[in-house]
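Geometric and topological summary
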Amino acid sequence: MKSIVVNILLMLGVLVQSHAQQTLTGTVRDQENQQPVEGVNVFIPELQKGTITDADGRFTLGGLPAGQLKVQFSHIGYQNIIRNMELKNDTSTPREVALKPTVIESEAVVVSAGNYSTQHDNAIKIELLKPRQLDRLSAPSLMGKLRKIPGVDMIGKGQGVTKPVIRGLSNSNILVLNNGVKLENFQFSENHPFMVDEFGTDRVEVIKGPASLLYGSDAVGGIINVLREKPAPTGTIEGDITQKYHTNTRGYVTNVGVKGTTGNFFWGVRGGRKSHADYISGSDRVVPNTRFLNQSFHAFTGVNPSFGSFKLYYDYYEKDLGMSVPGLDTLVNGQDRDNEMWYQDLDNHMVLSKNTFYLDPVKIDADFSLQSNHRQLVTMQQTPVDMRMNTWSADVKARYEFNGYSDLIVGVQAVRKDNDNGDAINRVLPDHQVRDVGVFGLLQYSASQKLKTQAGFRWDHRNINIPGQPRTGRENSERLAPLDRSYGDVSGSLGATYRLNSTMLLR
């Protein structure tokens, strides 16, 4: 017994020594006049950790793991740049970084292609909506703001009930992710909006085209990935409050948040509320029952020890959504904001754990989530539809970099969904269980500075189980026969990016 304890202590000592904390230091200068640049945002996306340069352009980031890290440098008036930096035991050597003055931002880091990389490194084109763009767009819902992106349109049953359309595909063919996790809230119909908003959003990434290799068959039309805000710079506490008023809907929007970072620990909380009355059309006519109320709460916390990154998120959404359906003209009068006659009462909870382990040269990402979505349709003080879906998911992948020229990603994903109907009369979907398992691999190879290639495969298995049950909630209803069926699929992909010059790419 004593020898076992000694061996465990020795193993822990070796592990701690192998993951000794690294420190990144350096100076950022203007490329043209070589003067130091103050206020540059130095940020490591995969750690969600950053700092700001001082008056002499210097920066220091401690408590970092050993290995290859992508570091982003950004400042208004300068071109954003990404640097691959290897941290070993010689991290005392300061790094010199030069920023080129420009009025155009470029080389933003994107994550929806399977790794933290720049736009020009991906064979998949990813569109971005950044925070400033989201704030300037006047649409009352986040999905409505995505109309700005070419090739993206919307199906709407009201201002709060909008579903994205990408190149003619929508509903179950479009995958919407909350911080990288697939949303599960009955997206098979245009009547079911995704439970997500712009409060606390860092940016939105959109893939217009097949992304099923990384995310499964639901992403055949594309994906929309809503990514959460960054933590505050190390050693700071930040707060903000935003108030908006929409004249067309007499809508009020409030968004309040505070966040802080101390050493390797960070945290943040945010709350938001939208209240809109029926909107007025271009012909000066009130469109009845397009009113909606949206409330949300977000919280996150995490630590960045020397051997990894561990983050925990909680998101809560509550929506009361009026729906513009035939026959309501005589029942709903005036431009009101209270839902009474025909509306959806929705709420959604999500708990997400995102973890990264640095085992140089391998990085392991392990994400786990739990979602609980409750949907009720309320008509004339009755509840004809009442469904609750609980979803558990796991996504584990390993990333390995070969000599700075190739990246290999292999992963496994598993999802379990349980749908249960309450006592409501109508059953839009029967009680059922879905079990999904997927295995994938993606190889990215840089043949030269101009040519980058990607190739991958995916295997999926799905089991659907529907127990025998009444077809509706009415007494003596016809019974559904039980169903237990499995499906399988294999898919692959091949792509390349060739940079003709500094302004043109071929994909």
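Note: the structure precedes this text.
My aim in this report is to walk through the structure given alongside it, one point at a time. (Residues numbered from 1 in each chain as written. Predicted model: local features only at pLDDT ≥ 70, side-chain atom pairs only at ≥ 80, totals over all residues. Heavy atoms only, no water.)

What to know about the overall build of the protein
Within the protein one finds four helices and 32 strands. Radius of gyration (C-alpha) of the protein: 25 Å, near the 23 Å computed for a compact globule of 507 residues. Taken over the C-alpha atoms alone, the protein extends approximately 75 × 60 × 50 Å along its principal axes. Counting the 507 residues in the protein, one finds 49% classified as buried. (Helix = DSSP H or I, 4+ residues; strand = E, 2+ residues; numbered from the N terminus. Rg over C-alpha atoms; globule rule 2.2 N^0.38 Å. Buried < 20%, exposed > 50% of the residue type's maximum accessible area, 1.4 Å probe, protein only.)

Things to note about the sheet that holds strand β2 (residues 41-44)
Taken in spatial order, the four strands of this open sheet run β3-β2-β5-β6, and their pairing is antiparallel. For this open sheet the edge positions go to β3 (49-52) and β6 (81-87), each flanked by a neighbour on one side alone. Strand-to-strand twist of the sheet, defined as the mean angle between neighbouring strand axes without regard to direction, takes the value 25 degrees. Across four bridges, the pairing between β2 and β3 is antiparallel. Bridge assignment links Asn 41 to a residue of β3, and that residue is Ile 52. (Pairing = 2+ DSSP bridges. Axes fitted to C-alpha atoms, helices over the stretch in contact; angles between N-to-C directions.)

What about the environment of Arg 474?
In this fold, Arg 474 is placed in the loop between β29 (469-470) and β30 (479-480). Remark: the alpha-carbon pair of Arg 474 and Ala 424, spanning 50 residues in sequence, is separated by 8.6 Å.

Digging into the side chain of Glu 198
Tracing the sequence through the fold places Glu 198 in the loop between β15 (181-182) and β16 (201-207). Judged by its relative accessible area of 14%, Glu 198 is buried. Among the polar contacts made by the side chain of Glu 198, one reaches the side chain of Lys 145 at a distance of 3.4 Å. Here Glu 198 is in contact with Ser 141, Leu 142, Lys 145 and Lys 274, once residues within four sequence places are set aside. (Polar contact = N/O pair within 3.5 Å; in protein donor to acceptor, adjacent residues only side chain to side chain. Contact = heavy atoms within 4.5 Å.)

Looking at unusual backbone geometry
Phi is positive for Gln 34, which is not a glycine, with a value near 65 degrees. Note on placement: Gln 34 falls in the loop between β1 (22-30) and β2. You can call Gln 34 partly exposed: its relative accessible area is 45%. A positive phi is found at Arg 250, a non-glycine position, where the angle reads about 50 degrees. Of note, Arg 250 is situated in the loop between β18 (237-246) and β19 (251-262).

Some remarks on the environment of Phe 59
Its location among the elements puts Phe 59 in strand β4 (residues 58-64). Along the chain, Phe 59 and Ala 277 lie 218 residues apart, while their C-alpha atoms are 49 Å from each other. Apart from the residues within four sequence positions on either side, Phe 59 is in contact with Leu 24, Thr 25, Gly 26, Thr 27, Val 28, Val 42, Thr 51, Thr 53 and Phe 73.

Quick look at the packing of aromatic side chains
Scanning the model with the defined rule gives seven aromatic pairs in all. A cation over a ring is seen here: Lys 274 above Phe 199, with NZ or CZ 5.5 Å from the ring centre. Cation over ring: Arg 416 sits above Trp 392, and NZ or CZ is 5.1 Å from the ring centre. (Phe/Tyr/Trp six-rings, centres within 6.5 Å; stacked < 30°, edge-to-face > 60°. Lys NZ or Arg CZ within 6 Å of the ring centre and 35° of its normal.)

Purely geometric stuff here, so don't read any function into it on its own.
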